[in-house]
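# Examining the three-dimensional arrangement
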Amino acid sequence: MKPKTIHIQDVTLRDGNQALKRPWTLNEKIEVFDLLVSLNVDGIEVGFPSSNESEFFTCQVLSKRAPKGKPIAALSRANEKEISVTWEAIQHADSPRMHIVYPVSDFSIKHVLKISEKEVLQKIKSSVSFARSIVGSNHQIQFSGEHFGDAIQNFEFTKLAFMTAIEAGANIINLPNTVERYRPMIFVNMVKEIRESIGDKAMISIHTHNDLGMATATSVESVYVGAEQIEVALNGLGERAGNTNLYETVIALHQNGESLNIQFDRIYPTAKRISELTGIPIGEKTPIIGEDIFSHRSGIHQDGVTKTMNQTKGAYRTFSPEFVGRFDKETISFTNQSGHKAIEFLLRQKGIEVSKEEIHHLFSVAKSISSKENNREITETELVELSRSILTYQ
Ligand code: KIV
Ligand code: ZN
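Residues numbered from 1 in each chain as written. Chains lettered and ligands numbered in written order. Predicted model: local features only at pLDDT ≥ 70, side-chain atom pairs only at ≥ 80, totals over all residues. Heavy atoms only, no water.

### A closer look at the overall build of the chain
Per the secondary structure count, the chain includes 15 helices and 10 strands. When its C-alpha atoms are laid out on the principal axes, the chain stretches across 85 × 40 × 35 Å. Taking all 394 residues of the chain together, 54% fall into the buried category. Considering only contacts within the chain whose residues lie at least 6 apart along the sequence, 72% involve residues at least 24 apart. For the chain, the exposed area adds up to about 17,900 Å²; of that, 51% sits on carbon and sulfur atoms. Of the charged side chains in the chain, 44 are positive and 49 negative; the average position of the first set lies 1 Å away from that of the second. (Helix = DSSP H or I, 4+ residues; strand = E, 2+ residues; numbered from the N terminus. Buried < 20%, exposed > 50% of the residue type's maximum accessible area, 1.4 Å probe, protein only. Contact = heavy atoms within 4.5 Å. Areas by Shrake-Rupley, 256 points an atom, 1.4 Å probe, with all protein chains shown as cover. Lys, Arg positive; Asp, Glu negative; His and termini not counted. Charge placed at Lys NZ, Arg CZ, Asp CG, Glu CD.)

Take a look at the structure:
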């Protein structure tokens, strides 16, 4: 199934913030909000207003700051008091969106709520109807069935729970993989069934967590069975191992030909700033934003890279650094795994032309230095110096 439009809904300021060792201050939240606006995400969840007074005030400030037409959501549990507080916090946004969450999985109903399924349906019906009565008919209500991904034993009930929410006034049904426990295909098939069961009565949204490292795959594939909104977080922040990573998700969709409103070249500067604002470092090998992801050290790869460096499609490159706002380039480095192409390429970049025999000679010398010194990398400067000292071109 080809997706219609894909709405990128960011939850960094809510799910991301609630899991930080030190949640953000008002000014920090304003900065993150502005980063999200420049990134041009389609919608922003600003917080959980009932959690504390300063969160409530922050949600009010961000709602008033929101650009025209940008959906601004805030989370509420399924009770009238919280729904009223939440609405008070976001009602001044140009496009406020009430987000109500209530568990739907058999496990949570039996072991956490300890109530009957009938009572769950009543709770969903009364809370969503109440929300509809206060937000009016023009604004959106999103209903999340917490632990949807775990609702395998009571899936028929879960479908009924979502129909109940829709009939009570919800127009977005959010399907969270609150804890990632199973294979992506199991979740994706569940999303497909919900799409079939609710038809066009509501937008379907996906909210996945990354406990097993498969959140991006699960979310991206869900789009091809009928999900229209994906909830994501900057730098993959969020509870435990985090939420679906915004950067991975949007690049994967873009690579597969989907059109999104995202300002792709804002990705890297945003990621760097979020890392500073959280104190959580970016791993060297982190997809999209890691420092080392455009380096090539093995001979086979270096051969392909040097032959396709200026082409749109690189032999060993999915997207170019500048596409995501990076200033670095694909680099070739020399280790004992590297090939002759690395020497030729690195010297040519410095304007040094050498014969095949000279490359061969330099290659052996550089490899033996690396091997003798614990397989260390030989830098570009060292190679140039080596070439000066042992070759005839000088
Ligand atoms: O993970 C989750 O279930 C949530 C809901 C509030 C959507 O964050
Ligand atoms: Zn979550």
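### Observations regarding the UniProt feature "domain: Pyruvate carboxyltransferase" (unreviewed entry) in the chain
Here, UniProt's "domain: Pyruvate carboxyltransferase" (unreviewed entry) annotation points to residues 6-268. Along residues 6-268, the helical share is 46% and the strand share 18%, with 22 Å between the first and last C-alpha atoms. (UniProt positions renumbered as here; feature names shortened; annotations may be inferred.)

### Points about the pairing of strand β8 (residues 229-232)
Taking every second residue as pointing to the same face, both faces of β8 are buried, with Q229 and E231 on one and I230 and V232 on the other. By the bridge criterion, four bridges tie strand β1 (residues 7-10) to β8 in an arrangement that is parallel. In the sheet register, D10 faces β8, and the bridge partner there is V232. In terms of strand pairing, strand β7 (residues 203-208) meets β8 through three bridges, oriented parallel. Bridging across to β8, H207 finds its partner in E231. As for the winding sense of the linkage, the β-α-β connection from β7 through helix α9 (residues 215-223) to β8 is right-handed. (Pairing = 2+ DSSP bridges. Right-handed = clockwise from strand over helix to strand, strands pointing away.)

### Side note on the environment of R348
Counting through the fold element by element, R348 comes out in helix α13 (residues 340-349). For R348, a relative accessible area of 46% corresponds to the partly exposed category. Put simply, R348 and W24 are 324 residues apart on the chain and 48 Å apart in space, counted from C-alpha to C-alpha. Side chain to side chain, R348 and E353 meet in a polar contact 3.3 Å long. (Polar contact = N/O pair within 3.5 Å; in protein donor to acceptor, adjacent residues only side chain to side chain.)

### Thoughts on the coordination of the zinc ion (ligand 2)
Around the zinc ion (ligand 2), the protein contributes the donor atoms D15 (OD), H207 (NE2) and H209 (NE2), at 2.0 to 2.1 Å from the metal centre. Sequence spacing of the donors to the zinc ion (ligand 2): D-x191-H-x1-H. Overall, the relative accessible area of 5% leaves H207 in the buried class. Given the relative accessible area of 4%, H209 is considered buried. (Donors = N, O, S within 2.8 Å, 3.2 Å for Na, K, Ca; no water.)

### Structural notes on the site of ligand 1
Around ligand 1 sit R14, D15, L75, V101, S144, E146, N174, P176, T178, H207 and H209, and those are all the residues in its vicinity. In this structure, T178 approaches ligand 1 through a side-chain N or O atom, which is 2.7 Å from an oxygen atom. A distance of 3.0 Å separates an oxygen atom of ligand 1 from a polar side-chain atom of H207. Burial of ligand 1 by the protein amounts to 92% of the accessible area it has alone, namely 260 Å². Looking at the shell around ligand 1, the elements that each hand over two or more residues are α1 (12-18), β5 (140-146) and β6 (172-177). (Near = heavy atom within 4 Å.)

### Some details on the pattern of salt bridges
When charged atoms on two side chains of opposite charge get close, those side chains can pair. Per the counting criterion, the structure on display carries 30 salt bridges. Salt-bridge contacts for E28 lead to R22; the nearest nitrogen and oxygen are separated by 2.8 Å. Of the residues examined, E28 reaches a relative accessible area of 15% and is grouped as buried. Classification of R22 as partly exposed rests on a relative accessible area of 45%. One salt-bridge network, in which partners are shared between bridges, spans K4, R195, D200 and E228. (Salt bridge = Lys/Arg side-chain N within 4 Å of Asp/Glu carboxyl O.)

### Things to note about helix α6 (residues 117-135)
End to end, α6 covers 27 Å across 19 residues, agreeing with the expected 27 Å (1.5 Å per residue, within 8%). Where α6 is concerned, the buried positions are V120, L121, I124, S127, V128, F130, A131, R132 and V135. On its buried face, α6 sits against α4 (80-90), β4 (95-103), α5 (106-113), β5 and α7 (155-168). Phi turns positive, to about 85°, at G136, one or two residues after α6. (Expected span 1.5 Å × (residues − 1).)

### Thoughts on the pairing of β7
Extensive coverage of β7 is indicated by the burial of five of its six residues. Alignment of β6 against β7, held across six bridges, turns out to be parallel. In the sheet register, P176 faces β7, and the bridge partner there is H207. This β-α-β element, β6 to helix α8 (residues 184-198) to β7, shows right-handed connectivity.

### Comments concerning the sheet that holds strand β2 (residues 43-47)
Taken in spatial order, the eight strands of this closed barrel run β1-β2-β3-β4-β5-β6-β7-β8, and their pairing is parallel. Across the sheet, the axes of successive neighbouring strands diverge by a mean angle of 25°, strand direction being ignored. Relative to β5, β4 runs parallel, the two being bridged by seven bridges. In the sheet register, V101 faces β5, and the bridge partner there is S144. Strands in contact with α9 are β7 and β8; relative to β7, the strand with the most contacts, it is inclined by about 170°. Here helix α10 (residues 246-255) sits on the sheet in contact with β1 and β8, set at roughly 145° to β8. (Axes fitted to C-alpha atoms, helices over the stretch in contact; angles between N-to-C directions.)

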